[in-house]
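Inside the fold
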2 protein chains.
Amino acid sequence: MNEAEKAIKRIQAQKGVEGVIVVNAEGIPIESNLDHQRTLHYTYNFQQLLTRTQRVMKDLDPQNEATLLDVQTEKTNILISTGKEKHSYVIHWVTQPPGFG
Amino acid sequence: MNEAEKAIKRIQAQKGVEGVIVVNAEGIPIESNLDHQRTLHYTYNFQQLLTRTQRVMKDLDPQNEATLLDVQTEKTNILISTGKEKHSYVIHWVTQPPGFG
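Residues numbered from 1 in each chain as written. Chains lettered and ligands numbered in written order. Predicted model: local features only at pLDDT ≥ 70, side-chain atom pairs only at ≥ 80, totals over all residues. Heavy atoms only, no water.

Let us look at the overall build of chain A. What chain A contains, in helices and strands, is two helices and five strands. Partitioning the intrachain contacts of chain A with sequence separation of at least 6 by distance along the chain shows that 41% fall at a separation of at least 24. Summed over its atoms, the accessible surface of chain A is roughly 5,800 Å², and 51% of this surface lies on carbon and sulfur atoms. (Helix = DSSP H or I, 4+ residues; strand = E, 2+ residues; numbered from the N terminus. Contact = heavy atoms within 4.5 Å. Areas by Shrake-Rupley, 256 points an atom, 1.4 Å probe, with all protein chains shown as cover.)

So, in structure tokens, the structure goes:
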């Protein structure tokens, strides 16, 4: 088990954590505990959001860069963490995920 | 002093809080403690970010809506809080803001 896989296991073990996706610098998912279709769907959306966020932050201050993006909704909490070589997405359900229960 | 003004004063009194902007549902700033140019610049950028975020969240779950967006960078922490009639942006500098010190 490599470092990314270990980190996924650790985060996923926390209560309410539904999905963890790690993508490389090109935005391609390299680790995920979700099925292929959901991984691609989430990755596509979060990558768009991250690109827009970085553009906005750079426009406000060219020396600045977003390191963490936290989107809270009534049902979920999405954490997008950025790094030089990898980004990670953590999908944390506040209530039950769709299709559950 | 109305409720929005009171809230701005309260948030602004917290250490490191540089700017507070309240916009109406149309994205027009109605309260701000920043100068006109910076208020418009931040509002334009954060509104774009909020629109994109809502689009992404709706794509993942049409019943879902972002209530809080927290963007952390090395220097700042931007909080975008949404409401039915108003949104607010709080710009919290982790270190010194540009042009200060």
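Attention now moves to the interface of chain A and chain B. Counting residues at the interface gives 28 residues for chain A, matched by 28 residues for chain B. Between chain A and chain B, the buried area comes to about 2,600 Å², and carbon and sulfur atoms account for 59% of it. Seen at the junction of chain A and chain B, the total is two salt bridges. Where chain A meets chain B, there are 17 residue pairs in polar contact (both at pLDDT 80 or more). Of all the elements in the fold, those that place two or more residues in the side of chain A that touches chain B are α2 (36-60), β3 (66-73) and β4 (76-82) of chain A. Element by element, the count of residues in the side of chain A that touches chain B is highest for α2(A), at twelve residues. Looking at the side of chain A that touches chain B, its residues break down into eleven nonpolar, ten polar and seven charged. For β3(A) and strand β3 (residues 66-73) of chain B, the ladder comprises seven bridges, and the chain directions are antiparallel. Bridging across to β3(B), A:Thr73 finds its partner in B:Ala66. (Buried area = accessible area lost by both parts, 1.4 Å probe. Salt bridge = Lys/Arg side-chain N within 4 Å of Asp/Glu carboxyl O. Polar contact = N/O pair within 3.5 Å; in protein donor to acceptor, adjacent residues only side chain to side chain. Nonpolar A, V, L, I, M, F, W, Y, C, P; charged D, E, K, R; others polar. Pairing = 2+ DSSP bridges.)

Moving on to the relation of the copies chain A and chain B. Under the fitted operation, chain A is carried onto chain B by 0.0 Å of movement along the axis and a turn of 180 degrees, and the coordinates agree to an RMSD of 0.0 Å. Here the two chains are linked by the operation of a two-fold rotation axis. For chain A, the smallest separation between a C-alpha atom and the rotation axis is recorded for A:Asp70, amounting to 2.5 Å. Both copies contact each other with a shared surface, as 100% of the interface residues of chain A are interface residues in chain B too. (Least-squares fit on C-alpha atoms with pLDDT ≥ 70 in both.)

Moving on, we come to helix α2 (residues 36-60) of chain B. Along its 25 residues, α2(B) runs 36 Å from first to last C-alpha, staying within 8% of the 36 Å computed at 1.5 Å per residue. A distance of 3.2 Å separates the backbone nitrogen of B:Gln37 from a side-chain oxygen at the start of α2(B), and that oxygen is part of B:Asp35. (Expected span 1.5 Å × (residues − 1).)

With respect to the helices, strands and loops of the structure, A:Thr76 is situated in strand β4. Assessed through its relative accessible area of 3%, A:Thr76 is described here as buried. Within the structure, the side chain of A:Thr76 is placed 3.4 Å from the side chain of B:Asn64, a separation counted as a polar contact. (Buried < 20%, exposed > 50% of the residue type's maximum accessible area, 1.4 Å probe, protein only.)

Time to look at the packing of aromatic side chains. Residue and element names in this part refer to chain A. Evaluated as defined, the whole model comprises four aromatic pairs over all chains. Aromatic pair Tyr42 and Phe46: ring centres 5.6 Å apart, planes at 25 degrees, arrangement stacked. Residue Tyr42 and its partner Phe46 are both found in helix α2; the two are separated by four residues, about one turn of the helix. For the pair formed by Tyr42 and Phe46, the shared burial category is buried. Put simply, the rings of Tyr42, Phe46 and Tyr89 touch in pairs and so form one group of aromatic residues. (Phe/Tyr/Trp six-rings, centres within 6.5 Å; stacked < 30°, edge-to-face > 60°.)

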